[in-house]
Amino acid sequence: MISGKFAITVHILTLMARHPDEFLSSEFISGSMNINPVLVRKEIGNLKKNNIVESREGKFGGTRLAKPAAEITLEEIYNLTFECVSLGYAKNDPNPDCCIGKKINQNLDGLYQDINQKICGHMKAITLAGFSEQF
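For clarity, every value in this text was computed on a predicted model and none was experimentally measured.

## Focus: the overall build of the chain
Part 1 of the argument: Helices and strands together make up the secondary structure of the chain, namely 6 helices and 2 strands.
Part 2 of the argument: Secondary structure elements of the chain, listed N to C terminal, follow the sequence α-α-α-β-β-α-α-α.
Part 3 of the argument: C-alpha atoms of the chain, sized along the principal axes, occupy 65 × 30 × 25 Å.
Part 4 of the argument: Counting the 135 residues in the chain, one finds 34% classified as buried.
Part 5 of the argument: Summed over its atoms, the accessible surface of the chain is roughly 8,600 Å², and 53% of this surface lies on carbon and sulfur atoms.
Part 6 of the argument: Side chains of the chain give 15 positive and 15 negative charges; the mean places of these two sets differ by 2 Å.

## Regarding the pattern of salt bridges
Part 1 of the argument: A complete count under the given rule lists 4 salt bridges for this structure.
Part 2 of the argument: Two residues, Arg41 and Glu27, come together in a salt bridge whose shortest N-O distance is 3.5 Å. Of the two residues, Arg41 sits in helix α3 (residues 37-49) while Glu27 sits in helix α2 (residues 26-33), which places them 14 residues apart along the sequence.
Part 3 of the argument: The residue Arg64 makes a salt bridge to Glu54 at a minimum N-O spacing of 2.7 Å. On the criterion of sequence distance, the pair formed by Arg64 in strand β2 (residues 62-65) and Glu54 in strand β1 (residues 53-56) is long-range, its members being 10 residues apart.

## Quick notes on the layout of surface pockets
Part 1 of the argument: A volume near 190 Å³ is recorded for the largest pocket.
Part 2 of the argument: For the largest pocket, the full set of lining residues is Leu24, Ser25, Ser26, Glu27, Arg41, Ile44, Lys48, Ser55, Arg56, Glu57, Gly62 and Thr63.
Part 3 of the argument: Secondary structure elements with two or more residues in the lining of the largest pocket: α2, α3, β1 and β2.
Part 4 of the argument: Residue contributions to the lining of the largest pocket peak at 3 residues, all from α3.
Part 5 of the argument: The residue inventory of the lining of the largest pocket, partitioned by class, reads 2 nonpolar, 5 polar and 5 charged.

Reading the values: the criteria
Residue numbers here run from 1 along each chain, matching the order of that chain's written sequence. In keeping with the model being predicted, local features are shown solely for residues with a pLDDT of at least 70 and side-chain atom pairs are shown and tallied solely at 80 or more, while totals for entire chains, interfaces and linings include all residues. Where side-chain values are given, they derive from all heavy atoms of the structure, hydrogens and water being excluded. Think of it this way: any DSSP run of H or I at least four residues long counts as a helix, any run of E at least two long counts as a strand, and we number them from the N terminus. Exposed residues in this analysis have more than 50% of their type's maximum accessible area, buried residues have under 20%, and partly exposed residues fall in between, with area computed by a 1.4 Å probe over protein chains only. For accessible areas, the Shrake-Rupley method is used with a probe of radius 1.4 Å. Any residue's cover is judged against the shown protein chains and nothing else. Under the convention used here, Asp and Glu are negative, Lys and Arg are positive, and both His and the chain ends fall outside the count. One atom stands in for each charge, and that atom is NZ of Lys, CZ of Arg, CG of Asp or CD of Glu. Here, a salt bridge means any Lys or Arg side-chain nitrogen found within 4 Å of an Asp or Glu carboxyl oxygen. Cavity and pocket criteria rest on a 1 Å grid covering protein atoms alone: a 1.4 Å probe that fits but cannot get out defines a cavity, protein on both sides within 12 Å along at least 5 of 7 lines defines an open pocket, and an atom within 4 Å of a point defines a lining residue. Grid points are joined across faces, edges and corners, and a volume is the space filled by probe spheres set on the points. Ten residue types, Ala, Val, Leu, Ile, Met, Phe, Trp, Tyr, Cys and Pro, are classed as nonpolar, four, Asp, Glu, Lys and Arg, as charged, and the remainder, Gly among them, as polar.

Read these as layout, nothing more, since geometry by itself doesn't imply function.
Laid out in structure tokens, this is it:
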């Protein structure tokens, strides 16, 4: 299903791209997003695990990009935040005796795979640096 993780992660990384030499605190980032710093730290943990950001502790601690924004694509961010886009299925099991019901979920799966391939293909060409230049 669609969640806000991609938007949160892109927001975090865009802030870091705009301040490449600074270690940004989760409080600063959460202030920009108007969300709880705990949510920011959770996403930063995922980004650290995938070597997108680096952090340091202490009075002047925070987090910054571990590599240049020009080397990070939106596809990479998408793949860190989603297994795949799914627009969902009916809550009830479709009637297996119906010509539509017996194949609807299979055909929706194919549609969702196609959507994901197109999303990734489009975002592969967009770098975090390019995206952040809009601001």
